[in-house]
Amino acid sequence: MRLLISSLLLLSTATAAEPLLCRHVKGEPTPGDWDKAAKVMLDRGPRGEVSPLAPTEVRTLWSDTHLYVRFKCPFRSMHLRDKPDPATETFGLWDYDVTEVFVGSDYQHIGRYKEFEVSPQNDWVDLEVDRERKGEQTDWKWNSDFTHHVSIDKSAKVWVSEMAIPLKSIPVAKAAPGTKLRINFYRIEDKEPNRIYFAWRPTGERSFHVPAAFGELELVK
């Protein structure tokens, strides 16, 4: 019972938090645009546990057509695929080092959202999730046409992941200041037994797929 109450309080706190404000840009972000973007720090795991690694920085921006997300990820080690192939979608990418965005626009059916993942090798996967659907709840054949870019600074031990997500894929019919989205940011590093999980809004479970715990992102000028 104590665990249940703690989880409910955690979810209540996560959903009641102030939205992350996301600034508008006219096109693909420049370095100057990213410098001015609001940021959040991922310093805890999905159950709220303090991460042993330096925090992961996440910044967001939007244009009339895209939501842009950038992760800046300090790392100690990496668990990577033996044969990366950025030209082809990688099902099961979540078993390796990865950055993840879960985002949805349906406030009446919060179990419907999209999942975007990018690895340090620029491998990727995008998924349509409907946790209210009977049978298979994840459609990995769904295609968002999102683009992504990765850079690694081996001397500083930092890698950066950038995603450009078409707003129509979320879906957002017409983006405008005041538009709100339900969102969460995650990251995974290394393999068991040293695997580390990061979450912006802790879910209260090991799983990232707890939409009631998602935070909120608001588009602003």
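If you tally the helices and strands in the protein, you get two helices and 13 strands. Its C-alpha radius of gyration of 17 Å places the protein within 12% of the 17 Å reference for a compact globule of 221 residues. Its C-alpha atoms give the protein principal-axis dimensions of about 50 × 45 × 35 Å. The burial tally for the protein puts 49% of its 221 residues in the buried class. Taking contacts inside the protein between residues at least 6 apart in sequence as the whole, the part at least 24 apart equals 63%. Element-wise, carbon and sulfur atoms account for 52% of the exposed surface of the protein, whose accessible area totals about 11300 Å². Averaged over its 31 positive side-chain charges, the protein has a centre that lies 3 Å from the centre of its 33 negative ones.

This model, assessed by the stated rule, comprises 13 aromatic pairs. Note on Phe71 and Phe185: the rings are 6.3 Å apart at their centroids and 80° apart in plane angle, and the pair reads as edge-to-face. Note that Phe71 is positioned in strand β4 (residues 66-74) and Phe185 in strand β11 (residues 180-189), a separation of 114 residues in sequence. Here Phe71 falls in the buried class, since its relative accessible area comes to 0%. Residue classification places Phe185 among the buried positions, given a relative accessible area of 0%.

Among the nonpolar cores identified, the biggest contains 35 residues, and Leu67, Phe71, Val101 and Phe185 are the most heavily contacted of them. Looking at which element gives the most residues to this core, the answer is β4, with four residues. Core analysis: the next-biggest nonpolar cluster, separate from the first, contains 13 residues, Phe102, Val129, Ile188 and Ala199 among them.

Summed over all chains, the structure comprises nine salt bridges. The partner of Arg187 in a salt bridge is Glu189, with the nearest N and O atoms 2.5 Å apart. Like Glu189, Arg187 is buried. Arg206 is the partner of Glu192 in a salt bridge, and the nearest nitrogen-oxygen pair spans 2.7 Å. Of this pair, Glu192 sits in the loop between β11 and β12 (196-199) while Arg206 is found in the loop between β12 and β13 (215-219), placing the two residues 14 residues apart along the sequence.

Right, let's talk about the state of the cysteines for a bit. The bond known as a disulfide is covalent and runs between the sulfur atoms of two cysteines. Inspection of every chain in the model, using the stated rule, returns zero disulfides. With no disulfide partner, Cys73 has as its closest neighbouring cysteine sulfur the one in Cys22, 18 Å distant. Take Cys73: its relative accessible area is 0%, and that puts it in the buried class.

Checked against the element boundaries, Arg195 lands in the loop between β11 and β12. Buried within the structure, Arg195 lacks any salt-bridge partner; Glu192 is the closest side chain of opposite charge, at an N-O distance of 4.6 Å. Here Tyr197 takes part through its side chain, which lies 3.2 Å from a polar atom of the side chain of Arg195. Not counting residues up to four positions away in its chain, the partners in contact with Arg195 are His79, Trp94, Asp95, Tyr96, Ile188, Glu189 and Asp190.

For the protein, per-residue confidence averages 92 on the pLDDT scale, and residues scoring 70 or more make up 93% of the total. Here residues 1-15 is modelled with pLDDT under 50, and outside its nearest four sequence neighbours on either side it reaches 16 contacts, counting other chains as well.

The rules we used
- Residues numbered from 1 in each chain as written.
- Predicted model: local features only at pLDDT ≥ 70, side-chain atom pairs only at ≥ 80, totals over all residues.
- Heavy atoms only, no water.
- Helix = DSSP H or I, 4+ residues; strand = E, 2+ residues; numbered from the N terminus.
- Rg over C-alpha atoms; globule rule 2.2 N^0.38 Å.
- Buried < 20%, exposed > 50% of the residue type's maximum accessible area, 1.4 Å probe, protein only.
- Contact = heavy atoms within 4.5 Å.
- Areas by Shrake-Rupley, 256 points an atom, 1.4 Å probe, with all protein chains shown as cover.
- Lys, Arg positive; Asp, Glu negative; His and termini not counted.
- Charge placed at Lys NZ, Arg CZ, Asp CG, Glu CD.
- Phe/Tyr/Trp six-rings, centres within 6.5 Å; stacked < 30°, edge-to-face > 60°.
- Core = buried A, V, L, I, M, F, W, Y, C linked by side-chain atoms within 4.5 Å.
- Salt bridge = Lys/Arg side-chain N within 4 Å of Asp/Glu carboxyl O.
- Disulfide = S-S within 2.5 Å.
- Polar contact = N/O pair within 3.5 Å; in protein donor to acceptor, adjacent residues only side chain to side chain.
- pLDDT = per-residue confidence, 0-100.

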